[in-house]
Amino acid sequence: MTKENTNRGRFIVFEGLDGSGKSTQIDLLCERLKKEGRSVVKTAEPTMLTTGGIIRDALAGNYQRSPEELSALFLADRIAHNVNPKNGIINLLSEGTDVVCDRYYYSSFAYQGMDCDIDWVIDMNIKCPSVTKPDVCFFIDVPTEICKERVDKRGGFREIFEREQNTLERVRAKYAEVFRKLENENIVLINSEGSPADIAKVIYSSLPQFAL
Ligand code: TYD
């Protein structure tokens with residue numbers, strides 16, 4: 001029998017609509033974990049690897065990709081994110097580092113699931129041996145009007161999935177469908193009412209139930 005690696009880091013994913021305030025919560029959680037003396041790495045998808053660049057080109061509308069191509073590119077990026085020998089998720093977790101990731105396969109299920117066969121997208125990600133299952137996923141649930149206001153305020157260039165409020169509504173509904181469908185995943189819905197500090201407390205205090 002192999003001995004379990006009890007020093008493995010935790011793999012924590014944040015999901016939510018564009019403008020949901022994920023980044024603030026990710027920063028607050030990373031700070032808190034570091035204060036506890038844990039080693040923590042903050043990361044995101046799409047990545048800064050070559051595959052992430054190809055994806056960003058498509059998201060910016062510079063290069064048109066079919067929904068299936070985009071799903072496959074996100075999966076390729078996720079595999080690279082996991083296995084890359086320098087700072088890949090698999091290595092970090094095994095050396096005891098907590099990995100906090102802004103978006104992961106739940107985004108593929110919700111966004112690519114709108115335009116492709118959702119079960120195909122779910123299967124290829126969940127069944128891929130190089131794609132680590134998160135220990136927990138926090139979904140920051142914010143009304144779409146608020147997300148839209150924040151995205152509008154940010155200004156700048158909008159990506160293909162950020163444009164309209166009814167797109168945000170569709171994505172939110174798709175996330176809900178995905179969460180109903182998924183068994184065996186630890187998903188925590190976070191109500192966005194309250195200050196960022198209060199929300200951060202709820203997130204932090206729920207972590208021990210997902211300790212390894
Ligand atoms: P980005 O601006 O990088 O991040 P965020 O909106 O989280 O601040 O946008 C990433 C976009 O990519 C976002 O609109 C969701 C989309 N996306 C997918 O469609 N599928 C995926 O698998 C992932 C990880 C992201």
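Here the structure is a predicted model, which means the values were calculated and not measured.

1. Brief notes about the packing of aromatic side chains
We describe a pair of aromatic rings using the distance from one ring centre to the other and the angle between the two ring planes. Evaluated as defined, the whole model comprises 11 aromatic pairs. An angle of 85 degrees between the planes, with centres 4.9 Å apart, marks the rings of Phe11 and Tyr104 as edge-to-face. Of this pair, Phe11 sits in strand S1 (residues 11–16) while Tyr104 sits in the loop between strand S3 (98–102) and helix H5 (105–111); the two residues are 93 residues apart in sequence, bridging distant segments of the chain. The pair Phe11 / Tyr104 is uniform in exposure class, with both members buried. Look at Phe139 and Tyr175: their rings are 4.7 Å apart centre to centre, the planes differ by 50 degrees, and that puts the pair in the tilted class.

2. Remarks on the packing of helix H7 (residues 144–154) against helix H8 (residues 165–181)
Helix packing geometry: the angle between the two helix axes and the distance between the axes. Running from N to C, H7 and H8 cross one another at 130 degrees; their axes reach a closest spacing of 9 Å. For the element pair H7 / H8, the angle class is oblique. Crossing of H7 against H8: the hand is right-handed. Together, Thr144, Glu145, Cys147 and Lys148 of H7 and Gln165, Leu168, Glu169 and Arg172 of H8 make up the contact between the two elements. Each residue belonging to the contact of H7 with H8 can be placed in one class, and the counts come to two nonpolar, two polar and four charged.

Calculation criteria
- Residues numbered from 1 in each chain as written.
- Predicted model: local features only at pLDDT ≥ 70, side-chain atom pairs only at ≥ 80, totals over all residues.
- Heavy atoms only, no water.
- Phe/Tyr/Trp six-rings, centres within 6.5 Å; stacked < 30°, edge-to-face > 60°.
- Helix = DSSP H or I, 4+ residues; strand = E, 2+ residues; numbered from the N terminus.
- Buried < 20%, exposed > 50% of the residue type's maximum accessible area, 1.4 Å probe, protein only.
- Axes fitted to C-alpha atoms, helices over the stretch in contact; angles between N-to-C directions.
- Parallel < 35°, antiparallel > 145°, perpendicular 65-115°, else oblique.
- Left-handed = near helix turned anticlockwise from the far one by under 90°.
- Contact = heavy atoms within 4.5 Å.
- Nonpolar A, V, L, I, M, F, W, Y, C, P; charged D, E, K, R; others polar.

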